[in-house]
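Structure assessment
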Amino acid sequence: QVQLVESGGGSVQAGGSLRLSCVASVMMYPGRGVCIAWFRQAPGMEREGVASIGNGGYSTTYADSVKGRFTISQDNAKNTSFLQMNSLKPEDSAMYYCAAAWPRCPSVDLYERSYNYWGQGTRVTVSS
């Protein structure tokens, strides 16, 4: 069983930055078979993958909509994943969820079906 706790959401003006954190109850070192991903869901919209990280932090994947603006990283010693979000836009407003694939992560991808544990979410609101 994996527990995930997100934090860092809030309200910011367009062009601003936020950093989301996700503390996991599993170790993230290479070879531990865990991948972490961030998904988001805006009201009335389907949930979409934003970024994922695996292989101890050496592999990452990003959605086209956030490339160059968002950076996913992790601190293996703290079992924590981060999503640094810069140049935020109103369309980035959503509930952001941290998800984990464990005990196996064959692909560092952004498909919901690849992740079997989910956090409760943290809300991000970007005003114009």
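As a starting point, this report considers the structure included with it. (Residues numbered from 1 in each chain as written. Predicted model: local features only at pLDDT ≥ 70, side-chain atom pairs only at ≥ 80, totals over all residues. Heavy atoms only, no water.)

This brings us to the overall build of the protein. For the protein, the count of helices and strands is zero helices and 11 strands. Listing every helix and strand of the protein by position from the N terminus yields β-β-β-β-β-β-β-β-β-β-β. For 128 residues, the compact-globule estimate of 2.2 N^0.38 gives 14 Å, and the protein sits close to it at 13 Å. For the C-alpha atoms alone, the extent of the protein along its principal axes is close to 45 × 30 × 25 Å. Partitioning the contacts of the protein with sequence separation of at least 6, the portion at a separation of at least 24 is 61%. A distance of 5 Å separates the average location of the 11 positive side-chain charges in the protein from that of its 9 negative side-chain charges. (Helix = DSSP H or I, 4+ residues; strand = E, 2+ residues; numbered from the N terminus. Rg over C-alpha atoms; globule rule 2.2 N^0.38 Å. Contact = heavy atoms within 4.5 Å. Lys, Arg positive; Asp, Glu negative; His and termini not counted. Charge placed at Lys NZ, Arg CZ, Asp CG, Glu CD.)

Attention now goes to the environment of Ser65. Along the chain, the position of Ser65 falls in the loop between strand 6 (59–62) and strand 7 (70–75). Residue Ser65 is classed as partly exposed on the basis of its relative accessible area, which comes to 38%. Separated by 57 residues in sequence, Ser65 and Thr122 place their C-alpha atoms 19 Å apart. (Buried < 20%, exposed > 50% of the residue type's maximum accessible area, 1.4 Å probe, protein only.)

The subject of this paragraph is the sheet that holds strand 8 (residues 80–85). Taken in spatial order, the four strands make up an open sheet running 1-3-8-7, and their pairing is antiparallel. The open sheet has two edge strands, strand 1 (4–7) and strand 7, and neither has a second partner. Taking each pair of neighbouring strands and ignoring which way they run, the sheet shows an average axis angle of 15°. Pairing of strand 7 with strand 8, which is carried by six bridges, proceeds in the antiparallel orientation. Within strand 8, the residue paired with Ile72 across the bridge is Leu83. (Pairing = 2+ DSSP bridges. Axes fitted to C-alpha atoms, helices over the stretch in contact; angles between N-to-C directions.)

Before going further, it helps to examine the state of the cysteines. Evaluated as defined, the whole model comprises two disulfides. Shown here is the disulfide that connects Cys22 with Cys98, its sulfur atoms set 1.9 Å apart. Between Cys22 and Cys98, the S-S torsion sits near -75°, and that sign places the bridge as left-handed. One end of the pair, Cys22, is in strand 3 (residues 18–24); the other, Cys98, is in strand 9 (residues 94–101), with 76 residues separating them in the sequence. Residues Cys22 and Cys98 agree in their burial class; the two are buried. The disulfide partner of Cys35 is Cys105, and the gap between their sulfur atoms is 1.7 Å. Classification of the bridge connecting Cys35 and Cys105 rests on its S-S torsion, roughly -95°, and on that basis the disulfide is left-handed. With Cys35 in strand 4 (residues 35–41) and Cys105 in the loop between strand 9 and strand 10 (117–118), the pair connects residues that are 70 residues apart, well separated along the chain. With its bonded cysteines labelled in order along the sequence, the protein shows the pairing 1-3, 2-4. (Disulfide = S-S within 2.5 Å.)

Such coordinate-based values are descriptive only and should not be taken to indicate function.
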